[in-house]
There are 2 protein chains.
Amino acid sequence: MKLSKKSIYALRVLPYLAESYDKKSLSVAYLAQQEQISIKYLEQILSLLRKAGFLVSERGKNGGYSLRVPPDEITLGNIIRAIDGPLAPIPCASRTAPHHDPNCPYPYDTCWLRHLMLRVRDNISNVLDRETLSVMTVDALKAERKE
Amino acid sequence: MKLSKKSIYALRVLPYLAESYDKKSLSVAYLAQQEQISIKYLEQILSLLRKAGFLVSERGKNGGYSLRVPPDEITLGNIIRAIDGPLAPIPCASRTAPHHDPNCPYPYDTCWLRHLMLRVRDNISNVLDRETLSVMTVDALKAERKE
DNA sequence: ATATATCCTATAGCTATAATAGGATATAAA
DNA sequence: TTTATATCCTATTATAGCTATAGGATATAT
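Conventions and cut-offs
Residues numbered from 1 in each chain as written. Chains lettered and ligands numbered in written order. Predicted model: local features only at pLDDT ≥ 70, side-chain atom pairs only at ≥ 80, totals over all residues. Heavy atoms only, no water. Helix = DSSP H or I, 4+ residues; strand = E, 2+ residues; numbered from the N terminus. Buried < 20%, exposed > 50% of the residue type's maximum accessible area, 1.4 Å probe, protein only. Contact = heavy atoms within 4.5 Å. Axes fitted to C-alpha atoms, helices over the stretch in contact; angles between N-to-C directions. Parallel < 35°, antiparallel > 145°, perpendicular 65-115°, else oblique. Nonpolar A, V, L, I, M, F, W, Y, C, P; charged D, E, K, R; others polar. Left-handed = near helix turned anticlockwise from the far one by under 90°. Near = heavy atom within 4 Å. Polar contact = N/O pair within 3.5 Å; in protein donor to acceptor, adjacent residues only side chain to side chain. Pairing = 2+ DSSP bridges. Phe/Tyr/Trp six-rings, centres within 6.5 Å; stacked < 30°, edge-to-face > 60°. Salt bridge = Lys/Arg side-chain N within 4 Å of Asp/Glu carboxyl O. Expected span 1.5 Å × (residues − 1). Buried area = accessible area lost by both parts, 1.4 Å probe.

**Focus on the overall build of chain A**
The helix and strand tally for chain A stands at 6 helices and 2 strands. What you see in chain A, going N to C, is helices and strands ordered as α-α-α-β-β-α-α-α. For chain A, the proportion of its 147 residues judged to be buried stands at 53%. For chain A, restricting intrachain contacts to residue pairs at least 6 apart in sequence, the fraction spanning at least 24 positions comes to 63%.

Written out as structure tokens, the structure is:
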């Protein structure tokens, strides 16, 4: 039940791209500087989100990243899934990418632990899959930071 | 957002102790054999749960573990907390053991990510803190297992 | 041509989990 | 009192995943 730093960095940085949607693309260097993240590390994260279909990139001078679709079409749940994998606490309780360990001695359909964790998963999903990148504006982000 | 094997083993084994509450105590060896878990590993887990106040133990011949309180007073959430720590996806979104990183550049009270993760935490809690050890009976457990 | 950006891959360092191991201590029963 | 059986305690190993750094290849606007 832990969110990786990768996901946190992504969630910190994506609102900038949301605000800039249909305007100019933003460079990794700029975003990294805004949020005090290692450029090279953030580079990996945004590259991953591009491969996952959330972002598009332009190379070369004046290049950078931008959202591939409008902010309200990107849920926070799907961003976290792309980075950390399923929201479910155990693999067999995932709905988007279920995986049942073949060595598991319990029957898939009636396993009480799996059913419990499905309920947990659904409750997590009810928050993260309803919230999209339009949650935050960069103005609010800037106002939020100390100083 | 992942449940450790330790917690899974605990959740698999505790219903046996719940069924046996006010009856005889059960040995690690017996429980380990029932659920096909390493004895030495399960030993560590049950010792931990004893220190956390959920179990009592008797040493020597005919010894073993038993619940310290009735099954319905032990929530699944508290078992997981004792083993894996807070349910919250990030430390500052915990309610039982909140910890705000002093180096975090965002203000505690108004941080949008923290507030989001508090909602996630509450939704997880709404499942795991309402469910107790009386969820499962051992009869059902036995019927559940293959063969 | 040059500066600037993404792209790609390798690798090091660190941390947490999972599991194994050996022996100390306590207790019931022979 | 001896023996068998149980918990107790600590150390250590193995593994895996996360975090971050690094170097250079490739593309593009100026």
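Next comes the rest of the write-up.
**Remarks on the packing of helix α4 (residues 76-84) of chain B against helix α5 (residues 112-128) of chain B**
Residues and elements named next belong to chain B. Following both chains from N to C, one finds α4 and α5 inclined at 120°, their axes separated by 7 Å at the closest point. Considered as vectors, α4 and α5 are oriented oblique to each other. Contacts from L76, G77, I80 and R81 in α4 reach R121, S125 and L128 in α5. Considered class by class, the residues forming the contact of α4 with α5 number 3 nonpolar, 2 polar and 2 charged.

**Considering the packing of helix α2 (residues 28-35) of chain A against helix α3 (residues 39-51) of chain A**
Residues and elements named next belong to chain A. Where α2 meets α3, the axes come as close as 9 Å, and the angle between the chain directions of the two elements is 115°. Crossing of α2 against α3: the hand is right-handed. Judged by residue contacts, V28, A29, L31 and A32 of α2 engage I39, L42, E43 and L46 from α3. Its residues assigned to classes, the contact of α2 with α3 shows 7 nonpolar, no polar and 1 charged.

**Structural notes on the protein's contact with DNA strand D**
Residues in contact with DNA strand D amount to 26 residues; listed here are only the nearest, K40 and Q44 of chain A together with E43, S57 and Y65 of chain B. Close to the protein, within 4 Å, the atoms of DNA strand D are drawn from sugar and phosphate at a rate of 58%. At a separation of 3.4 Å, a base oxygen of DNA strand D approaches a polar backbone atom of K61 of chain A. Within the contact set of DNA strand D, a base nitrogen lies 3.4 Å away from a side-chain nitrogen or oxygen of K40 of chain B.

**Re α4 of chain B**
Of the positions making up α4 of chain B, those classed as buried are L76, G77, I79, I80, R81 and I83 of chain B. On its buried face, α4 of chain B is in contact with α5 (112-128) of chain A together with α1 (5-19), α3 (39-51) and α5 of chain B. One or two residues past the end of α4 of chain B sits G85 of chain B, with phi positive at roughly 90°.

**Considerations on the pairing of strand β1 (residues 55-58) of chain B**
Residues and elements named next belong to chain B. By the bridge criterion, 4 bridges tie β1 to strand β2 (residues 64-67) in an arrangement that is antiparallel. Of the residues in β2, the one forming a bridge with S57 is Y65. Hairpin connection from β1 to β2: 5 residues lie between these consecutive antiparallel strands, with G60 at a positive phi of about 80°.

**With respect to the packing of aromatic side chains**
Aromatic rings considered in pairs are described by the distance between their centres and by the relative angle of their planes. Residue and element names in this part refer to chain A. Counted by the stated rule, this structure contains 2 aromatic pairs over all chains. Ring plane angle 90° and centroid distance 6.1 Å describe the contact between Y9 and Y41, whose orientation is recorded as edge-to-face. One end of the pair, Y9, is in helix α1 (residues 5-19); the other, Y41, is in helix α3, and 32 residues separate them in sequence. In this structure Y41 comes out as partly exposed when scored by relative accessible area, which is 31%.

**A few points about the pattern of salt bridges**
All names here are of chain A. Enumeration according to the criterion identifies 10 salt bridges over all chains in this entry. K40 is paired through a salt bridge with E43; the nearest N and O atoms lie 3.8 Å apart. Within this pair, K40 and its partner E43 are both found in helix α3, separated by 3 residues, close to a single helical turn. In this structure, the salt-bridge partner of R95 is D122, at a minimum N-O distance of 2.6 Å. With R95 in the loop between α4 (76-84) and α5 and D122 in helix α5, the pair connects residues that are 27 residues apart, well separated along the chain. Given a relative accessible area of 48%, R95 falls into the partly exposed group. The exposure class of D122 is partly exposed, given its relative accessible area of 22%.

**Some thoughts on α3 of chain A**
Note that an α-helix has 3.6 residues per turn; residues three or four places apart therefore point the same way. All names here are of chain A. For α3, with 13 residues, the first-to-last C-alpha span of 18 Å sits near the 18 Å given by 1.5 Å per residue. All of the buried residues along α3 are L42, I45, L46, S47 and L49. Buried-residue contacts for α3 involve α1, α2, β1 (55-58), β2 (64-67) and α4. Where α3 ends, the next residue or the one after it, G53, has phi of about 95°, a positive value.

**Topic: the interface of chain A and chain B**
Taken residue by residue, the interface counts 36 residues in chain A and 36 residues in chain B. Taking both partners together, chain A and chain B bury about 3,800 Å²; carbon and sulfur atoms supply 67% of that area. Applying the counting criterion to the chain A and chain B interface returns 2 salt bridges. The partner of E131 of chain B in a salt bridge is R119 of chain A, with the nearest N and O atoms 2.8 Å apart. Put simply, chain A and chain B have 6 residue pairs in polar contact (both at pLDDT 80 or more) between them. Going through the elements one at a time, α1, α4, α5 and α6 (138-144) of chain A are the ones with two or more residues in the side of chain A that touches chain B. With 10 residues, the top contributor of residues to the side of chain A that touches chain B is α5 of chain A.

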